[in-house]
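One letter stands for each residue in the lines below.
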Amino acid sequence: MPLELVTVPCLEDNYAFMLHATESGETAVVDVPDAGPVLEALSERGWQASEIWLTHHHWDHVDGVRDLQEATGARVLGAAADAHRLPPLNQALRGGESCRFAGHAVSIIDVPGHTVGHIAYHVPDAGAVFTGDSLMALGCGRLFEGTADQMWASLGKLAALPPETLVCSGHEYTLSNARFALTIEPGNPALKARAAAVAKAREAGRPTVPSRLSEELATNPFLRAGQPEVKRALGMEGAEDAAVFAEIRRRKDAF
Ligand code: ZN
Ligand code: FE
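Residues numbered from 1 in each chain as written. Chains lettered and ligands numbered in written order. Predicted model: local features only at pLDDT ≥ 70, side-chain atom pairs only at ≥ 80, totals over all residues. Heavy atoms only, no water.

**Observations concerning the overall build of the protein chain**
Helix and strand content of the protein chain: 9 helices and 14 strands. Over its C-alpha trace the protein chain gives a radius of gyration of 18 Å, about what one expects of a compact globule, namely 18 Å for 255 residues. Overall, the C-alpha framework of the protein chain stretches about 55 × 40 × 30 Å when taken along its three principal axes. Split into buried and exposed, the 255 residues of the protein chain put 53% on the buried side. Residue pairs in contact within the protein chain that sit at least 24 positions apart in sequence constitute 60% of those at least 6 positions apart. When the accessible surface of the protein chain is totalled, it reaches about 10,600 Å², and 50% of it is carbon and sulfur. For the protein chain, the distance from the average position of its 22 positive side-chain charges to the average position of its 33 negative side-chain charges is 6 Å. (Helix = DSSP H or I, 4+ residues; strand = E, 2+ residues; numbered from the N terminus. Rg over C-alpha atoms; globule rule 2.2 N^0.38 Å. Buried < 20%, exposed > 50% of the residue type's maximum accessible area, 1.4 Å probe, protein only. Contact = heavy atoms within 4.5 Å. Areas by Shrake-Rupley, 256 points an atom, 1.4 Å probe, with all protein chains shown as cover. Lys, Arg positive; Asp, Glu negative; His and termini not counted. Charge placed at Lys NZ, Arg CZ, Asp CG, Glu CD.)

Written out as structure tokens, the structure reads:
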């Protein structure tokens with residue numbers, strides 16, 4: 001049973017995603033920054049949203065939920081931990097649990113850091129993980145609510161997924177993320193190649209999301225805090241991985 005994945009640009013630089021089960025006709029929409037572009041993308045394909053999966057409570061991921069739900073009657077899924085500040089949920093999810101979508105397994109992964117109730121949705125049959133503002137293309141979300149230790153642990157869970165997994169994250173920040181990444185690892189050949197490819201894609205107006213987990217592992221400085229060459233570059237040999245991650249995050253906040 002194939003699953004089709006579509007990226008939907010919303011607002012200035014947000015992304016929603018649609019996951020469509022071709023046999024059952026069901027469609028899950030992941031995050032709804034704005035209902036308009038999502039409804040348009042659905043109707044272009046003759047699809048109906050049956051479920052809405054929320055990664056976290058920020059307005060730029062949930063503001064379109066009400067309109068999309070009114071237009072489609074879709075069920076809304078989100079983190080139990082944040083049920084009090086998410087749009088009303090039809091199903092409250094906890095990290096470590098699994099649910100099903102059109103007969104396919106969906107694993108819920110707790111990824112606190114950007115917010116404390118942030119979750120990711122891993123769909124092995126689609127080879128995709130929906131990460132919202134946790135792991136992003138060449139970056140990770142700011143630590144608005146959680147700690148660096150929490151985010152480092154969250155990124156570790158995502159890094160352990162199969163390397164061919166598509167990372168479907170919530171924003172088109174990749175170009176500026178690449179500029180920052182090069183300040184951490186200016187000599188990383190995979191990063192230099194990726195930064196050039198990202199610049200070219202953006203010049204052509206193409207999205208750089210989703211990205212491949214394998215390329216994140218090779219180039220994303222936030223995933224690479226445990227690498228000896230990164231520690232050396234920061235003068236932090238012997239430091240704990242999480243402390244190196246915290247330093248990279250601090251530098252990015254000031255970048
Ligand atoms: Zn956010
Ligand atoms: Fe966001």
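**What about unusual backbone geometry?**
Cis rather than trans, the peptide bond between Val209 and Pro210 has omega equal to 0°. Along the chain, Pro210 turns up in the loop between α6 (189-203) and β14 (211-212). Phi at Leu11 takes a positive value of approximately 50°, unusual for a residue other than glycine. As for its placement among the helices and strands, Leu11 is situated in the loop between β1 (3-10) and β2 (14-21). Owing to a relative accessible area of 41%, Leu11 belongs among the partly exposed residues under this scheme. Even without being a glycine, Ala102 presents a positive backbone phi close to 50°. Note that Ala102 resides in the loop between β7 (98-101) and β8 (104-110).

**A closer look at the coordination of the iron ion (ligand 2)**
Every protein donor of the iron ion (ligand 2) is listed here as Asp60 (OD), His61 (NE2), Asp133 (OD) and His171 (NE2), and their distances to the metal cover 2.1 to 2.4 Å. Metal-centred angles of 83 to 171° between the 4 donor atoms at the iron ion (ligand 2) mark the site as irregular. The metal-metal distance between the iron ion (ligand 2) and the zinc ion (ligand 1) is 3.1 Å, with Asp133 coordinating both. Placement of the pair is His61 in helix α2 (residues 59-62) and Asp133 in the loop between β10 (128-132) and β11 (135-136), with a sequence separation of 72 residues. (Donors = N, O, S within 2.8 Å, 3.2 Å for Na, K, Ca; no water. Tetrahedral: all angles 85-135°; square planar, octahedral: opposite > 155°, others 65-115°.)

**Digging into the domain arrangement of the protein chain**
Along its sequence, the protein chain is carved into domain 1 (3-164) and domain 2 (174-253). On a C-alpha basis, the centres of domain 1 and domain 2 stand 24 Å from each other. Each partner contributes residues to the interface: domain 1 has 24 residues there, and domain 2 has 30 residues. Taking both partners together, domain 1 and domain 2 bury about 2,100 Å²; carbon and sulfur atoms supply 70% of that area. (Domains from an automatic or database assignment. Buried area = accessible area lost by both parts, 1.4 Å probe.)

**Here we look at the packing of aromatic side chains**
Going through the model one piece at a time under the given rule, you end up with 9 aromatic pairs. Centroid distance Tyr15 to Phe17: 6.4 Å. Interplanar angle 45°. Geometry classified as tilted. For the pair shown, Tyr15 and Phe17 are each scored as buried. Ring centres of Phe222 and Phe245 lie 5.9 Å apart, and the angle between their planes is 65°; this geometry places the pair in the edge-to-face category. Of the two residues, Phe222 is situated in the loop between α7 (213-219) and α8 (228-233) and Phe245 in helix α9 (residues 241-253); the sequence distance between them amounts to 23 residues. There is no split in this pair, since Phe222 and Phe245 are both buried. One aromatic cluster is present, built from ring pairs that chain together Tyr15, Phe17, Trp53, Phe101, Tyr121 and Phe130. Of note, Arg45 hangs over the ring of Trp47, and the distance from its end group to the ring centre comes to 5.6 Å. (Phe/Tyr/Trp six-rings, centres within 6.5 Å; stacked < 30°, edge-to-face > 60°. Lys NZ or Arg CZ within 6 Å of the ring centre and 35° of its normal.)

**Regarding the coordination of the zinc ion (ligand 1)**
At 2.2 to 2.3 Å from the zinc ion (ligand 1) lie its protein donor atoms, namely His56 (NE2), His58 (ND1), His114 (NE2) and Asp133 (OD). Between the 4 donor atoms coordinating the zinc ion (ligand 1), the angles at the centre fall across 83 to 172°, so the site counts as irregular. One chain supplies every donor to the zinc ion (ligand 1), and in sequence these donors are spaced H-x1-H-x55-H-x18-D.

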